[in-house]
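Geometric and topological summary
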Amino acid sequence: MENNSAHQKIPNLEVRPLEDEKELEDMYYQRWLVLRSPLGMERGTERDKHDQSAFHVVAVSNGRVIGSARLRELSPELGSIAYVAVLPEFHHQGIGTKLIQTLIAKARENNLKRLRVMTRLNALGFYQRLGFLATGATFDYLDIPHQFMELNLPSSLHIQGDWQPALYSDRD
Ligand SMILES: CC(C)(COP(=O)(O)OP(=O)(O)OC[C@H]1O[C@@H](n2cnc3c(N)ncnc32)[C@H](O)[C@@H]1OP(=O)(O)O)[C@@H](O)C(=O)NCCC(=O)NCCS
């Protein structure tokens, strides 16, 4: 059961790259709270060997990490988004969207052509809204149904005339 507070103003909200080691530890804890603790999994299960070299974005309110997400490069063209997590009491206030938009901007800056995410099936709509498309069949991970989704990142260079690529295909 979510405890979201839809119209609450989030004080001193910043969505930005991770700043230091202390914040990295805070982020791991926040990630664990959202993605691992509800599954009865121990501290430590929320991190992996790619974290030290990945790009992390955090949402911080009054110094507290309330949301986070990670981008890493699987190849010069393909990026992987993972560990997207917002504390339940801050859901549905645009934080998840801001996290992904920040990662998309970083991916474009690094000239990536595509982004991939392995999402829990119940968050499919969140990524669809951002323009991601499902690829392949659903599968179980941690006993939860998951789905790979991808977003193409058309280059904004060499565009003639008025046409601009739609970064988000399904936004109103
Ligand atoms: C998925 C998640 C990151 C979304 O974060 P958020 O800050 O609530 O997202 P936003 O407020 O930016 O959502 C924007 C829109 O996306 C859609 N959306 C958000 N969460 C959704 C979900 N779980 N399922 C389907 N659509 C969703 C809604 O249309 C929402 O608009 P609304 O608030 O007007 O309904 C958050 O629910 C979360 O951390 N969930 C638990 C962990 C998880 O599932 N992570 C992702 C896959 S591993």
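Anything mentioned here points back to the structure above.
Nothing here was measured: the structure is a model prediction, and the numbers come from that model.

Focus: the overall build of the protein chain
When its secondary structure is counted, the protein chain shows three helices and seven strands. When the 172 residues of the protein chain are sorted by exposure, 27% land in the buried category. When contacts within the protein chain are restricted to residue pairs at least 6 apart in sequence, those whose partners lie at least 24 apart make up 61%.

Remarks on the site of the ligand
In the region of the ligand, 19 residues are neighbours, and His91, His92, Gly96, Thr97 and Gly125 sit closest. Residue assignment for the shell around the ligand shows that the elements contributing at least two residues are α1 (21-36), β4 (78-86), α2 (95-109), β5 (114-120) and α3 (124-129). Residue composition of the shell around the ligand, grouped by class: eight nonpolar, nine polar and two charged.

A word on the nonpolar core
As a rule of thumb, nonpolar side chains are buried together in soluble globular proteins. Counting 34 residues, the largest nonpolar core has Ala69, Ile81, Leu99, Ile100, Leu103 and Leu115 as its most contacted members. For this core, the secondary structure elements donating two or more residues are α1, β2 (55-61), β3 (64-73), β4, α2, β5 and β7 (144-152).

A closer look at α2
Taking 1.5 Å per residue, 15 residues should reach 21 Å; α2 reaches 21 Å between its end C-alpha atoms and fits that length. Regarding α2, the residues found buried are Ile95, Gly96, Leu99, Ile100, Leu103, Ile104 and Ala107. Contact partners of the buried residues in α2: β1 (13-17), β2, β3, β4, β5 and α3. Phi for asparagine 111, located one or two positions after α2, is positive at around 65 degrees.

Focus: the sheet that holds β4
What the seven strands build is an open sheet, ordered β1-β2-β3-β4-β5-β7-β6; its pairing is mixed. Whereas interior strands pair on both sides, the edge strands pair on one side only; in this sheet they are β1 and β6 (133-141). The sheet shows a mean angle of 20 degrees between the axes of neighbouring strands, taken without regard to direction. Contacting β2, β3 and β4, α1 crosses the sheet at an angle of about 95 degrees to β3. Each of β1, β2, β3, β4 and β5 is contacted by α2, which is oriented at about 30 degrees to β3, the strand it contacts most.

Looking at the pairing of β2
Counting buried positions along β2 gives five out of seven residues, so the element sits mostly inside the fold. The pairing of β1 with β2 spans five bridges and is antiparallel. Note on β2: the bridge partner recorded for valine 15 is alanine 59. Of the strand pairs in this sheet, β2 and β3 are connected by seven bridges, and their pairing is antiparallel. The residue bridging alanine 59 from the neighbouring strand is glycine 67, located in β3. The hairpin formed by β2 and β3 contains two residues between the paired strands, and asparagine 62 there has a positive phi angle of roughly 50 degrees.

Overview of unusual backbone geometry
We note that asparagine 62 has phi near 50 degrees; this positive angle belongs to a residue other than glycine. Along the chain, asparagine 62 turns up in the loop between β2 and β3. For tyrosine 83, which is not glycine, the phi torsion reads 55 degrees and is therefore positive.

About the criteria used
- Residue indices follow the written sequence of each chain, beginning from 1 at its first position.
- Local features in a predicted model are, by the rule used here, given only for residues with pLDDT of at least 70; side-chain atom pairs are given and counted only at 80 or more, and totals for whole chains, interfaces and linings are based on all residues.
- Strands are runs of DSSP state E lasting at least two residues, helices are runs of H or I lasting at least four, and both sets are numbered from the N terminus onward.
- Counting other C-beta atoms within 10 Å of a residue's own tells you its class, since 20 or more makes it buried, 12 or fewer makes it exposed, and anything in between is partly exposed; those C-beta atoms are placed from the backbone.
- Each residue gets a C-beta atom placed from its backbone, and two residues are in contact if those atoms lie within 7 Å.
- Near residues are defined by distance alone, with the backbone-placed C-beta atom required to lie within 6 Å of the molecule or strand.
- Under the convention adopted here, Pro, Cys and the residues Ala, Val, Leu, Ile, Met, Phe, Trp and Tyr are nonpolar, Asp, Glu, Lys and Arg are charged, and Gly plus all remaining residues are polar.
- Here a nonpolar core is just a set of buried residues of the types Ala, Val, Leu, Ile, Met, Phe, Trp, Tyr and Cys, joined wherever their C-beta atoms sit within 7 Å.
- How far a helix is expected to stretch is found by multiplying one less than its residue total by 1.5 Å.
- A pair of strands is treated as paired once DSSP finds two or more bridges between them.
- Inter-axis angles, ranging from 0 to 180 degrees, are taken between N-to-C directions of lines fitted to C-alpha atoms, where helices are fitted over the stretch in contact.

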